[in-house]
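# Chain and residue survey
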Amino acid sequence: MSGDGEALARREVALVDLLDRLLAGGVVITGDLTLRIADVDLVRIDLNALVSSVGAEVPSPFDELT
């Protein structure tokens, strides 16, 4: 049983394969960053991003604008 866990821990995934898996299903990235000095917020950055692949079967929304 412990051999199975070790095999999974040593399994390597190429960066290209990882990106392919993420783009196939889509990824949502969210984050907050606050720069604070003496309990005074100086800079606040909020990040919300959706990363996904687009196929030929999905029409472009920009074609309607022209």
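Provided above is the structure to which this section pertains.
Calculation rules
- Residues numbered from 1 in each chain as written.
- Predicted model: local features only at pLDDT ≥ 70, side-chain atom pairs only at ≥ 80, totals over all residues.
- Heavy atoms only, no water.
- Helix = DSSP H or I, 4+ residues; strand = E, 2+ residues; numbered from the N terminus.
- Buried < 20%, exposed > 50% of the residue type's maximum accessible area, 1.4 Å probe, protein only.
- Contact = heavy atoms within 4.5 Å.
- Patch = residues over 30% accessible without salt bridge, like charges linked within 9 Å, V, L, I, M, F, W, Y side chains within 5 Å.
- Areas by Shrake-Rupley, 256 points an atom, 1.4 Å probe, with all protein chains shown as cover.
- Salt bridge = Lys/Arg side-chain N within 4 Å of Asp/Glu carboxyl O.
- Pairing = 2+ DSSP bridges.

## Side note on the overall build of the chain
- Scanning the chain for helices and strands turns up two helices and two strands.
- Written out in order from the N terminus, the α and β elements of the chain read α-α-β-β.
- Taken across its 66 residues, the chain has 0% of its residues classed as buried.
- Pairs at least 24 apart in sequence give 21% of the contacts found in the chain among residues at least 6 apart.

## Thoughts on a nonpolar patch on the surface
- Taken together, the side chains of V13, L15, L18, L19, L22, L23, I29, L47 and V51 define a hydrophobic patch exposed on the protein surface, amounting to about 720 Å² of accessible area.
- At the level of elements, α2 (15–25) and β2 (40–51) are the ones that each hand at least two residues to the nonpolar patch.

## Focus on the pattern of salt bridges
- In this structure the tally under the stated criterion is two salt bridges.
- R36 is the partner of D41 in a salt bridge, and the nearest nitrogen-oxygen pair spans 2.8 Å.
- The partly exposed category is assigned to D41, whose relative accessible area is 46%.
- Two residues, R44 and D46, come together in a salt bridge whose shortest N-O distance is 3.3 Å.
- The exposure class assigned to R44 is exposed, which follows from its relative accessible area of 55%.
- D46 sits in the partly exposed class, given a relative accessible area of 46%.

## Describing the pairing of β2
- As defined by bridge partners, strand β1 (residues 27–37) adjoins β2 across 11 bridges and the pair is classed as antiparallel. Residue D32 lies in a different strand from β2, and its bridge partner there is D46.

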